[in-house]
Amino acid sequence: MVEFEVPEIDYDRYSNRQLATPPLIVLGVSLLLISVYYFLNGTPAPLGFDFTGGTEIRLADASSRGAIRNAFGQGVGAEIESIRQTGSGDYIVTFLTQNTGELQAIRDAAGAAGFDIQAETTRSPAFGSTNTQNALFGLVIAFVGMSALIFVLFRSFVPSIAVVISAFSDIMIPIGIVNFLALTGLIEIKMTLGTVAALLMLIGYSVDSDILLNNHILRRRGSFYESTYRAMRTGVTMTVTSIVAMITMTVVSSEWIFAIDLLPDIGLILVLGLTADLMNTYMLNLSLLRWYKFEGVAR
Amino acid sequence: MGVVRDNWRIAALVVIVLASTFALFGPIGGGAGTQTELVTLSDDENTVTVSQSTFFLENSTVELTNDSTNEIVATDATIDIDGNVSNVTDTSAVVANGTIDVTGGTVRSPANTSAINATNGSIAVSGEATLRTVNSSVELSVERQQDSGLTNLQYGLDLSGGTRIRAPIVGLHVTDLSIGDQSQLASNLAADLDTDGINVQVRDGAGTVEVYDGGITRSEFASALQSAGFDIQTSDVQTGVTSRTRDNVVNTLQGRIDQTGLSGGSVTTAGDGLVVVEVPNTRPEQVREIVTDRGVVRVIAEVRGPDGNATNTTVITGDDIAGTDPIGKDGRLWRTPVTLTESGAEKFQSRMNEIGFTTGNGPKNCDRDGPDSPLPGSYCLLTTLNGEVVYSNSLARSFATSLNDGTWADGSRKFYMSTQTSEQAQDIKLSLDVGSLPTTLNLSQGAQYDLSYVQPSYAQDFKGLSLLTGLLAWLAVAGMIFLRYREIRVALPMLFTAIAEVYILLGFAAISGLALDLSHIAGLIAVIGTGVDDLVIMADEILQEGDVATGRVFQSRFRKAFWVIGAAAATTIIAMSPLTILSVGDLFGFAVITIVGVLVGVLITRPAYGDILRNLVLSEDQR
């Protein structure tokens, strides 16, 4: 039987600099990717129709992509943005339009071609841009609120800022990965409302293990490495368990299996963010704490 | 008693789990709602059994052939309601104040039942009945007592199907004005802005002025107010309507949806002045019509002189009408009988006389198209719905006479509004019964709206699939926990505590009548994740090496673990709270479930798990 035991890492072998550099490089690259994407496209990440506006319909009884293109090609006048097939054989078609007349034309064309519209969502561009504004605003408020709380809890600068930087990196790395995939043309994962929920959730989720680590190192008796190992045993279990739960949710609810909306979007970002969190907590946060404990406090 | 006192946290958990069970399965719950489903009866599947249901027959109106019988006759089809209706006490099925819409067909009530009750566009069955069609296809919309199976849970659009529209209201408004002559200002503004008088609302008490015309810009409105003598800049003009108008829109829409027989529909407001309309089992184009039609019914007297120039006078508005009767057929035409109010009747009578409609060439002289009329000029009464003429007719001579001698307004004040189709007649009746919308929802290109529709059968699938997804995520967590602790005594209570959290949340949803959507399900799965995280913290802290020698050591470890859990919970609540205030799509539900879940965890389930662990590690005398 497989055993899940958190390994004890010999942190003595690495300097603080060696520990902090890789996560900072990953963060730097992520920020760079976000800037490049922003420079090229004017948005920080590929935005889905929740933010840009448009229409998404889910069709049953469609035989192929070609049949769909044919059905909506002539006379509908609405440009097809993408066609995706789900595991159950349905097709999800997105259009850039949200115009009433064109929507009705789409419905009529689907009916004429014998497709059954199972679901239909339309968002206006104005609604999308309000969503974008509110989502960004919400993320900033949540992040500032969380940071303030962390400073109140630990009341000293270095440990608090360590948590805040880790959390910031946890949020930026998934966006960086999404941008990397989009920029290299591998796969375009678009930001949805689920992504926003996941990023906010990440603010709450990812600081748990940081709080745990800080708490063990700063507020408990015992040597630094003893405390670290205890905190890691618990923290890694927590994070890995959450990652496994989220991988399960993402895979099962994905378009290839159950094809449920919202859940895979949330799951994917949480998986990426929590994985980044393992690195950030036990390399970046830890190195800052070690510096603070052995050198910072002594000053 | 000592046992209970020592384990009061477990006891509290048990009590709350029992309470949740009662909320979920008990008779009170949030009160089971109703759900609607569309049933098509045709050749092969020509029967449906309904119990405690209301069903709606679509598309055309059928009247009672005779007030004393309860048989409703139409051509083409027969719908029999077969017996088996319990509690038959009376000999008649009651049809009161209702039109029943049937797509061609007969509704034959069983002869001896009072359990079938038709009111106002629908037929309700309190017992069990079977509907059967003969030789035709009929689409029925059947509203049943919520058949949520085992639980009192209610499901939202994502999981039960239907249409949701979220949109702002068309309008601009200015507040804090000191207004002199209210009606004078209103008519001046309407003239200045070149819009219908019903698009301007002035409230002198509240000091507000609103316009409800999507074609008027903020600067146009500001300059019209400036010409009316107000010191108003474009920046003082706010988009949207006052809260009073918004309440009016919400109530009218709710009434309209209820009256249309689209049961279970709800109209609420969200942040940013948006109105959210959710209607189960209805196509988006239908709901779009409901929220964008003003429902303004007016009768206009069109007088065309010999020179061909027409003068229009509004002689009856919705405000002049006291009530309506069921629509009916009059020869080729459909008509909606209405009764005018006393003042409305007086006004109608005097206006008709003033414009010379009731004498001379007025009666029996309607010719909208032109010069073919035998008499010079043309006098037409136009029935309009939302500004469109649905029918025009002349004034009958006898009617003209009674108006002219002033006796009509003292009589029954009955008036018939004629239309070509039953739909129009029904629309007019509905608009008059519910009242017109002061303004509509804004679904124009630049507006901030969204619309979603999920087919009911497909949404039903989501219910099971998302439950299964949650279950699989929980199993994955369970697997990890077993691998990590390898001790059933620690892992099993942990998993049960985690699932208890979800169970309590579902109980909360049932008792608060929260309609579950995918965002709530996502929140529930997130709660499993955070919940287990915190239980791992507890277990590791309390079970750490070195025995928990005494109750005091346990207490200290419990407190330490709780500090971390409390801090983590606080960060999650802070992170989620923006979503409860800002409107970001449908994420409100996600945030609410996560926040309530964290609170339930910190206050109830996680402390109880601490007690369970203590029982595991402390022997009797150490406590």
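A. Molecular detail of the overall build of chain B. When helices and strands are tallied, chain B shows 15 helices and 29 strands. Buried positions account for 52% of the 623 residues belonging to chain B. The long-range share in chain B, meaning contacts at least 24 apart out of those at least 6 apart in sequence, stands at 74%. Counting every atom, chain B has about 26300 Å² of accessible surface; 50% of that belongs to carbon and sulfur.

B. Quick look at the packing of aromatic side chains. One pass over the full model with this rule turns up 16 aromatic pairs over all chains. A centroid spacing of 5.9 Å and a plane angle of 45 degrees characterise the contact between Phe151(A) and Phe157(A), whose relative ring orientation is tilted. Given the relative accessible area of 53%, Phe157(A) is considered exposed. Ring centres of Phe348(B) and Trp408(B) lie 5.4 Å apart, and the angle between their planes is 65 degrees; this geometry places the pair in the edge-to-face category. With a gap of 60 residues between them, Phe348(B) in helix α8 (residues 342-354) and Trp408(B) in the loop between α9 (397-404) and β27 (414-419) connect regions that are remote in the sequence. When sorted by exposure, Phe348(B) lands in the same class as Trp408(B), which is buried. By the ring-pair criterion, three or more aromatic residues cluster together here, those being Phe348(B), Phe399(B), Trp408(B) and Phe415(B).

C. Structural context of the pattern of salt bridges. Under the counting rule described, the total for this entry stands at 26 salt bridges over all chains. Here Glu278(B) and Arg164(B) are joined by a salt bridge, their closest N and O atoms 3.5 Å apart. Residue Glu278(B) is found in strand β19 (residues 275-279), and its partner Arg164(B) is found in strand β13 (residues 162-167); the two are separated by 114 residues along the sequence. Residue Glu278(B) is classed as partly exposed on the basis of its relative accessible area, which comes to 23%. Residue classification places Arg164(B) among the buried residues on the basis of a relative accessible area of 5%. One network of salt bridges, with partners in common, ties together Asp50(A), Arg123(A), Arg166(B) and Asp450(B).

D. The domain arrangement of chain A, seen in detail. All names here are of chain A. According to the domain assignment, chain A consists of domain 1 (11-48 + 127-294) and domain 2 (54-123). Taken together, the contact pairs 6 residues of domain 1 with 8 residues of domain 2. With both sides pooled, the region where domain 1 packs onto domain 2 buries about 630 Å², and carbon together with sulfur makes up 41% of that total. Looking at the side of domain 1 facing domain 2, the largest losses of area belong to Phe-127, Glu-255 and Ala-259, adding up to 60% of the total buried there. Counting across the domain 1 and domain 2 interface gives 2 salt bridges.

E. Structural detail: the sheet that holds strand β20 (residues 297-304) of chain B. Residue and element names in this part refer to chain B. On the basis of which strands lie adjacent, the open sheet formed by 4 strands has the order β21-β20-β25-β26 and antiparallel pairing. Either end of the sheet is taken by a strand with one partner, and the two such strands are β21 (310-317) and β26 (388-393). Each strand axis lies, on average, 30 degrees off the axis of its neighbour in the sheet, ignoring direction. Here 7 bridges tie β20 to β21, and the two strands are oriented antiparallel to one another. Across the sheet, Glu-302 pairs through a bridge with Asn-312, a residue of β21. Of the strands in this sheet, β20, β25 (378-385) and β26 are in contact with helix α10 (residues 422-434), which crosses β25 at around 70 degrees.

F. Layout of the nonpolar core. By size, the foremost hydrophobic cluster in this structure holds 120 residues, and its most contacted members are Ile203(A), Ile266(A), Ile481(B), Met494(B) and Phe590(B). Of the residues forming this core, the biggest block, 15 residues, is contributed by helix α13 (residues 518-542) of chain B. Setting aside its immediate chain neighbours within four residues, Met494(B) contacts Ile481(B), Tyr485(B), Leu535(B), Val536(B), Ala539(B) and Tyr609(B). Counting 27 residues, the second-largest nonpolar core is a separate cluster that includes Val315(B), Ile321(B), Val390(B) and Phe415(B).

G. Structural detail: helix α5 (residues 218-227) of chain B. Residue and element names in this part refer to chain B. Listed in full, the buried residues belonging to α5 are Phe-221, Ala-222, Ala-224 and Leu-225. Looking down the long axis of α5, one finds its buried residues gathered within 160 degrees of arc, a one-sided arrangement. Contacts made by the buried residues of α5 are with β14 (172-174), α4 (182-193) and β16 (208-211). Phi for Gly-229, located one or two positions after α5, is positive at around 95 degrees.

H. Seen up close, the interface of chain B and chain A. Every contact between the two is made by 70 residues of chain B and, on the other side, 77 residues of chain A. Taking both sides of the interface into account, the surface hidden between chain B and chain A amounts to around 6300 Å²; carbon and sulfur atoms contribute 67%. Our count for the contact surface shared by chain B and chain A stands at 4 salt bridges. Linking Arg123(A) and Asp450(B) is a salt bridge whose minimum nitrogen-to-oxygen distance equals 2.4 Å. Taken together, the links from chain B to chain A amount to 18 residue pairs in polar contact (both at pLDDT 80 or more). Residue assignment for the side of chain B that touches chain A shows that the elements contributing at least two residues are α7 (284-292), β28 (450-454), α11 (456-485), α13, α14 (551-581) and α15 (588-617) of chain B. Taken together, the residues of the side of chain B that touches chain A break down into 40 nonpolar, 16 polar and 14 charged.

I. Representation of unusual backbone geometry in the model. All names here are of chain A. A positive phi angle, near 50 degrees, is found at Arg-155, a position not held by glycine. You will see that Ala-259, though not glycine, has its phi angle at about 55 degrees, which is positive. Take Ala-259: its relative accessible area is 2%, and that puts it in the buried class.

J. Local environment of the packing of α8(B) against α9(B). All names here are of chain B. Contact pair α8 / α9: the axes reach a minimum separation of 9 Å and the direction vectors enclose 100 degrees. When the axes of α8 and α9 are compared, the pair comes out roughly perpendicular. Every residue of α9 that contacts α8 at Phe-348, Gln-349, Met-352 and Asn-353 is listed here: Phe-399, Ser-402, Leu-403 and Asn-404. When the residues that make up the contact of α8 with α9 are grouped by side-chain class, the tally is 4 nonpolar, 4 polar and no charged.

K. Up close: the state of the cysteines. Residues and elements named next belong to chain B. Summed over the entire model, instances satisfying the criterion amount to 1 disulfide over all chains. Across a sulfur-sulfur distance of 2.0 Å, Cys-366 and Cys-380 are joined as a disulfide pair. Note on the Cys-366 and Cys-380 pair: the S-S dihedral is about 100 degrees, so by sign convention the disulfide is right-handed. Placement of Cys-366 in the loop between α8 and β25 and of Cys-380 in strand β25 is noted, with a sequence separation of 14 residues between them.

L. Focus on the sheet that holds strand β3 (residues 91-95) of chain A. Here we have 8 strands laid out as an open sheet, ordered β2(A)-β3(A)-β1(A)-β4(A)-β28(B)-β13(B)-β19(B)-β18(B), and antiparallel in their pairing. Since the sheet does not close on itself, it has two edges, and those belong to β2 (80-85) of chain A together with β18 (266-269) of chain B, each with one partner. Across the sheet, the mean angle from the axis of one strand to that of its neighbour is 15 degrees, orientation sign disregarded. Sheet analysis places β13(B) next to β19(B), joined by 5 bridges and oriented antiparallel. Bridge pairing in β19(B) links Thr163(B) to Val279(B). Across the sheet, helix α4 (residues 100-112) of chain A lies against β1 (54-60), β3 and β4 (116-123) of chain A, angled at about 170 degrees from β4(A), the strand it touches most. Relative to the sheet, α7(B) contacts β4 of chain A together with β13, β19 and β28 of chain B, its axis offset from that of β13(B) by approximately 40 degrees.

M. Here's a closer look at the environment of Val267(B). Residue and element names in this part refer to chain B. Inspection of the secondary structure puts Val-267 in strand β18. The spatial distance from the C-alpha of Val-267 to the C-alpha of Ile-257 is 8.9 Å, given a sequence separation of 10 residues. Residues in contact with Val-267, not counting those within four places in the same chain, are Val-250, Leu-253, Gln-254, Ile-257, Val-275, Val-276 and Val-277.

Calculation criteria
- Residues numbered from 1 in each chain as written.
- Chains lettered and ligands numbered in written order.
- Predicted model: local features only at pLDDT ≥ 70, side-chain atom pairs only at ≥ 80, totals over all residues.
- Heavy atoms only, no water.
- Helix = DSSP H or I, 4+ residues; strand = E, 2+ residues; numbered from the N terminus.
- Buried < 20%, exposed > 50% of the residue type's maximum accessible area, 1.4 Å probe, protein only.
- Contact = heavy atoms within 4.5 Å.
- Areas by Shrake-Rupley, 256 points an atom, 1.4 Å probe, with all protein chains shown as cover.
- Phe/Tyr/Trp six-rings, centres within 6.5 Å; stacked < 30°, edge-to-face > 60°.
- Salt bridge = Lys/Arg side-chain N within 4 Å of Asp/Glu carboxyl O.
- Domains from an automatic or database assignment.
- Buried area = accessible area lost by both parts, 1.4 Å probe.
- Pairing = 2+ DSSP bridges.
- Axes fitted to C-alpha atoms, helices over the stretch in contact; angles between N-to-C directions.
- Core = buried A, V, L, I, M, F, W, Y, C linked by side-chain atoms within 4.5 Å.
- Arc of directions from axis to C-beta.
- Polar contact = N/O pair within 3.5 Å; in protein donor to acceptor, adjacent residues only side chain to side chain.
- Nonpolar A, V, L, I, M, F, W, Y, C, P; charged D, E, K, R; others polar.
- Parallel < 35°, antiparallel > 145°, perpendicular 65-115°, else oblique.
- Disulfide = S-S within 2.5 Å.

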